[in-house]
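Structure assessment
Each chain is listed here by its residues.
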Amino acid sequence: MKCYHITGSFFLIMLLSCSAPEHAEQHLPPMPVIPSDKQVTYQQMEVIGFIHFGVNTFTDREWGTGKEDPLIFNPALLDATQWVEAAETAGMGMLILTAKHHDGFCLWPSEYTEHSVKGSPWENGQGDVVRMLSEACARAGIKFGIYLSPWDMHEPSYGSDDYDNYYLSQLKELLTGYGTISEVWMDGAKGENAKDMEYDFNAYRSLVYALQPQALIFSDVGPDIRWIGNEHGIAGITNWSTINTEGLEIGKADTEYLNTGDPDGTTWLVGECDVSIRPGWFYHASQDTLVKSPEYLVDLYYKSVGRNGTLLLNLPPDQRGLIHSNDIQSLKEFRDILDETFKHNLFREGNAIASGQWSKNPGFDPQNLLDEDPDSYWAADPADADPWITVELKEKLTFDRLMLQEPIRLGQRISEFIIEAEKEGEWKTISTGTTIGYKRLLRIDPVTVRKLRIKITGYTGTPALSTMAGYNASSREKIF
Ligand code: FUL
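Residues numbered from 1 in each chain as written. Predicted model: local features only at pLDDT ≥ 70, side-chain atom pairs only at ≥ 80, totals over all residues. Heavy atoms only, no water.

Here the focus is the domain arrangement of the protein. Under the domain assignment, the protein is made up of domain 1 (37-341) and domain 2 (351-471). The centre of domain 1, based on its C-alpha atoms, is set 36 Å off from the matching centre of domain 2. Across the contact, 22 residues belong to domain 1 and 20 residues belong to domain 2. Contact between domain 1 and domain 2 buries roughly 1800 Å² in total, counting both sides, with carbon and sulfur atoms accounting for 55%. Its largest share of buried area at the contact with domain 2, domain 1 owes to W240, W268 and Y302, together 31% of the area lost on that side. The interface formed by domain 1 and domain 2 holds three salt bridges in total. For R443, the salt bridge goes to D299, with nearest N and O atoms at 2.8 Å. Taken together, the links from domain 1 to domain 2 amount to 15 residue pairs in polar contact (both at pLDDT 80 or more). Elements represented by at least two residues in the side of domain 1 that touches domain 2 include exactly α2 (37-45) and α9 (294-304). Residue composition of the side of domain 1 that touches domain 2, grouped by class: eight nonpolar, nine polar and five charged. (Domains from an automatic or database assignment. Contact = heavy atoms within 4.5 Å. Buried area = accessible area lost by both parts, 1.4 Å probe. Salt bridge = Lys/Arg side-chain N within 4 Å of Asp/Glu carboxyl O. Polar contact = N/O pair within 3.5 Å; in protein donor to acceptor, adjacent residues only side chain to side chain. Helix = DSSP H or I, 4+ residues; strand = E, 2+ residues; numbered from the N terminus. Nonpolar A, V, L, I, M, F, W, Y, C, P; charged D, E, K, R; others polar.)

As a matter of local geometry, the ligand sits amid F50, H52, W63, H101, H102, Y147, W185, D187, E231 and W281. Interatomic distance of 2.7 Å between a side-chain N/O atom of H52 and an oxygen atom of the ligand. If the ligand stood free it would expose 290 Å²; the protein chains cover 90% of that surface. A class-by-class count of the residues in the shell around the ligand yields five nonpolar, three polar and two charged. (Near = heavy atom within 4 Å. Areas by Shrake-Rupley, 256 points an atom, 1.4 Å probe, with all protein chains shown as cover.)

Two measures describe an aromatic ring pair: the distance that separates the ring centres and the angle between the ring planes. Within this structure, the stated rule accounts for 27 aromatic pairs. Ring centres 5.9 Å apart and planes at 50° place the aromatic pair F50 and Y147 in the tilted group. Of this pair, F50 sits in strand β1 (residues 47-51) while Y147 sits in strand β3 (residues 143-148), placing them 97 residues apart in sequence. Both residues of the pair, F50 and Y147, count as buried. On the numbers, 5.0 Å between centres and 85° between planes, the contact of F347 with F399 is edge-to-face. With F347 in the loop between α10 (325-341) and β11 (351-354) and F399 in strand β13 (residues 388-405), the pair connects residues that are 52 residues apart, well separated along the chain. Note on accessibility: F347 and F399 belong to one class, buried. By the ring-pair criterion, three or more aromatic residues cluster together here, those being Y158, Y163, Y166, Y167, Y199, F201 and Y204. (Phe/Tyr/Trp six-rings, centres within 6.5 Å; stacked < 30°, edge-to-face > 60°. Buried < 20%, exposed > 50% of the residue type's maximum accessible area, 1.4 Å probe, protein only.)

A few words now on the packing of helix α4 (residues 80-89) against α10. In a packed pair of helices, the relevant descriptors are the angle between the two axes and the axis-to-axis distance. Between α4 and α10, the least distance of the axes is 8 Å, while the angle of their chain directions is 30°. The angle between α4 and α10 falls in the class roughly parallel. Between α4 and α10, the residues in contact are Q82, A86 and T89 and I328, L331, K332 and R335, respectively. Considered class by class, the residues forming the contact of α4 with α10 number three nonpolar, two polar and two charged. (Axes fitted to C-alpha atoms, helices over the stretch in contact; angles between N-to-C directions. Parallel < 35°, antiparallel > 145°, perpendicular 65-115°, else oblique.)

What follows covers the sheet that holds strand β5 (residues 216-219). Read around the closed barrel, eight strands run β1-β2-β3-β4-β5-β6-β9-β10, paired in parallel fashion. Between one strand axis and the next, the sheet turns through 25° on average, direction left out of account. Two strands pair when backbone bridges link them, and β1 and strand β10 (residues 309-314) are joined in this way by four bridges, in the parallel orientation. Paired with G49 across the two strands is L313, which belongs to β10. Where α9 meets the sheet, it contacts β1, β9 (270-276) and β10, and its direction lies at approximately 145° from that of β10. (Pairing = 2+ DSSP bridges.)

In this section: the packing of helix α6 (residues 163-177) against helix α7 (residues 201-211). Packing of α6 against α7 brings their axes to within 10 Å, and their N-to-C directions diverge by 20°. Comparing the axis directions of α6 and α7 gives the class roughly parallel. The handedness of the crossing between α6 and α7 is right-handed. Here Y163, D164, Y167, L168, L171, K172, L175 and T176 of α6 come into contact with α7, specifically with A203, Y204, L207, V208 and L211. Grouping the amino acids of the contact of α6 with α7 by side-chain chemistry returns 10 nonpolar, one polar and two charged. (Left-handed = near helix turned anticlockwise from the far one by under 90°.)

Overall, the coordinates contain 25 salt bridges when judged by the stated rule. The shortest N-O distance in the salt bridge between R131 and D128 comes to 3.9 Å. For D128, a relative accessible area of 10% translates into the label buried. Linked by salt bridges that have partners in common, D37, D375 and R409 make up one network.

What follows is the structure, given as structure tokens:
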């Protein structure tokens, strides 16, 4: 919208219409695909924990056989509160427990099988790990989720049509007996004896939503959370929360596609980046020295949360039923490093000026980028082809980390951006990127400047940003 070469009252009218764009709406219209409230709350947790525990812990295996004797399950010091404390140390908002892994052994006394804690010497067969952990999470105010493996090596009906009923009955026990279940984790792993059987995922999902409507369901293809396509905890450098699930099947989806999402996707599925703190998912004493270092975990945070995903980090308790001190030390230092890096937003007192804004309404003011509220945002004037925002800092400052956020309640829009800094009167590119979404963290070489700007060069809808923040990395950070 240009207003040059116009004179007199006509000029005045045009000037008024330029400075008060037609978009006087109070709200930026949302994109066609937006997250549900529960998906937003889930993503804001950023880091969550996985607990792999069961007969494999006692056989030193990753996958069992289904023939394990429940008598081997005897974690003499099991303390779910210690697991929750470890999770809290790392700043996790939820713990997901392997209520049943592929071997079929149930960590709760299921009515539908004898292959469970009931047959173990632990607490004289009266124990219930699901109950202990769900209660410990509730006490600490963190969320609780379950992994109920569809693959079951022990259950005789596995491979036949009757199996879905068995699975649904167990799911119902877990969904009705243990308070709020915030995430239900399902994978598509299958035994050789089930080649012709299809899991009835639709029925599983319907039951979850009927009994716990607030629960989020994870699988390769959602319906709330999608697998990120690898078990290394790494999201695509480009990562859309939108994706097309049509034709995608659990266990058969293209992992590259899951890793990056799709700007044209018709479904919102947050990408969850699962990885274990050790090489294995279950505890093995031989891996006590192979616990991922705090620096490595921080690097993973940048590659998951910092790329619009969530980090699902597995903490396997040992045969005592406790999380090993090496793992706890790493978790603690992981959080210390992150806290140190992100403790002070250097842009907080800066001044933001934009190429334009959606409307004069202060709700769209560029200054909203510099506060700590993820819901306050700037939205561009749609007439600007390459909208930009310049941030003038209160003085010359040095920073080497940048954080960008989109107001994702309105969808994900930005596909390409450039960050420049003013050095000796010239704008120099200091970073470029693609998607932003909930959070994009950029690690750059340190710059000392007064002014920087972001230019948004690609977008699928009128661009909006809720955060632009600058930090100085803890000296303990490393890039792997
Ligand atoms: C996979 C399983 O096969 C692994 O054992 C582990 O539980 C991982 C998180 O999911 O599907």
